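Residue-level listing of the chains:
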Amino acid sequence: IITIILLIGTTKAGMIYEGGDPGDFDFYLFVEQWIYSFCDTQSCLPGKEREAFTIHGLWPNNNDGSYPSFCKGQPFDVDEIADIEPQLDTIWPSLTGPNPDFWAHEWSKHGTCSITGPLADLHDYFFATVHIYQTYNITGGLAQFNILPSDNATYSAPSVVDALSKQFGVTPLIQCTGNRLVTVAFCLTKDLKLMSCPALNGWSCSGNVILPAT
Ligand code: AMP
């Protein structure tokens, strides 16, 4: 009985757990979203449209698919990121409410658990995420392979993964809603080097997809 209780207690596969220790995870997922696909199923604010992937977040993750959330740490304070706020407004927008509310959520849920290695505090977390976004241009990388925003052009899901793999030298993960490509994620080591993503539950997309322009 004790073994069973211990096993249940330590089996985290596919699960989110709260209040872990910062830095206790295996790798990061850097997640970007396509506005027109995200907003097809969510009610978004007007005026947020742009033909580029934007940041959803930088998420600590484990090889078994589980991930820590809401770790103990610094409370969110927008003043700490005043120097990069104009950039964040453009590349890490909330699509449903005030931008700082979204950043506060991402910080509390994922950022607090991300503090390890080169990321020492809240400013580092946001700064590093902006840097990753700028270094690995997903929208541009897809365009190199003629995967362009359009309501009509379709691309096979594997060809999207293939294009990104060729462009960046590692395998990303993608998610679709219906036939819309909605999310692209790259994986990074804890010292923020690109690595190929492991297969993870919830990250799949098959058939033909579009990258909608509206
Ligand atoms: P997370 O909690 O980080 O896994 O993010 C998922 C939550 O964030 C869901 O409630 C989404 O609807 C919401 N969300 C994702 N992207 C955005 C965005 N760009 N703006 C506002 N909310 C978002």
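Relevant structure appears above.
Structural notes, computed from the coordinates.

Each value, and the rule that gives it
- Residues numbered from 1 in each chain as written.
- Predicted model: local features only at pLDDT ≥ 70, side-chain atom pairs only at ≥ 80, totals over all residues.
- Heavy atoms only, no water.
- Disulfide = S-S within 2.5 Å.
- Helix = DSSP H or I, 4+ residues; strand = E, 2+ residues; numbered from the N terminus.
- Buried < 20%, exposed > 50% of the residue type's maximum accessible area, 1.4 Å probe, protein only.
- Near = heavy atom within 4 Å.
- Polar contact = N/O pair within 3.5 Å; in protein donor to acceptor, adjacent residues only side chain to side chain.
- Areas by Shrake-Rupley, 256 points an atom, 1.4 Å probe, with all protein chains shown as cover.
- Nonpolar A, V, L, I, M, F, W, Y, C, P; charged D, E, K, R; others polar.

Overview of the state of the cysteines
Alright, step 1. In this structure the tally under the stated criterion is four disulfides.
Alright, step 2. Between the sulfur of Cys-187 and that of Cys-197 lies a disulfide, 2.1 Å long from S to S. Across the S-S bond of Cys-187 and Cys-197 the torsion is about 110°, and the bridge reads as right-handed. Of this pair, Cys-187 sits in strand E7 (residues 180–188) while Cys-197 sits in the loop between strand E8 (194–195) and strand E9 (208–209), and the two are ten residues apart along the sequence. The pair Cys-187 / Cys-197 is uniform in exposure class, with both members buried.
Alright, step 3. Cysteine pairing for the chain (bonded cysteines numbered in sequence order): 1-2, 3-4, 5-8, 6-7.

With respect to the site of the ligand
Alright, step 1. Surrounding the ligand, one finds 14 residues, the nearest of these being Gln-33, His-105, Glu-106, Lys-109 and His-110.
Alright, step 2. Within the side chain of Glu-106, an N or O atom sits 2.6 Å from an oxygen atom of the ligand.
Alright, step 3. Note that an oxygen atom of the ligand is positioned 2.7 Å from one of the side-chain N or O atoms of Lys-109.
Alright, step 4. In the complex, the protein chains occlude 77% of the 490 Å² of accessible area that the ligand would expose alone.
Alright, step 5. Elements that contribute at least two residues to the shell around the ligand include exactly strand E3 (53–61) and helix H4 (99–109).
Alright, step 6. In terms of residues, the shell around the ligand owes the most to one element, H4, which gives four residues.
Alright, step 7. Among the residues forming the shell around the ligand, the class breakdown is five nonpolar, seven polar and two charged.

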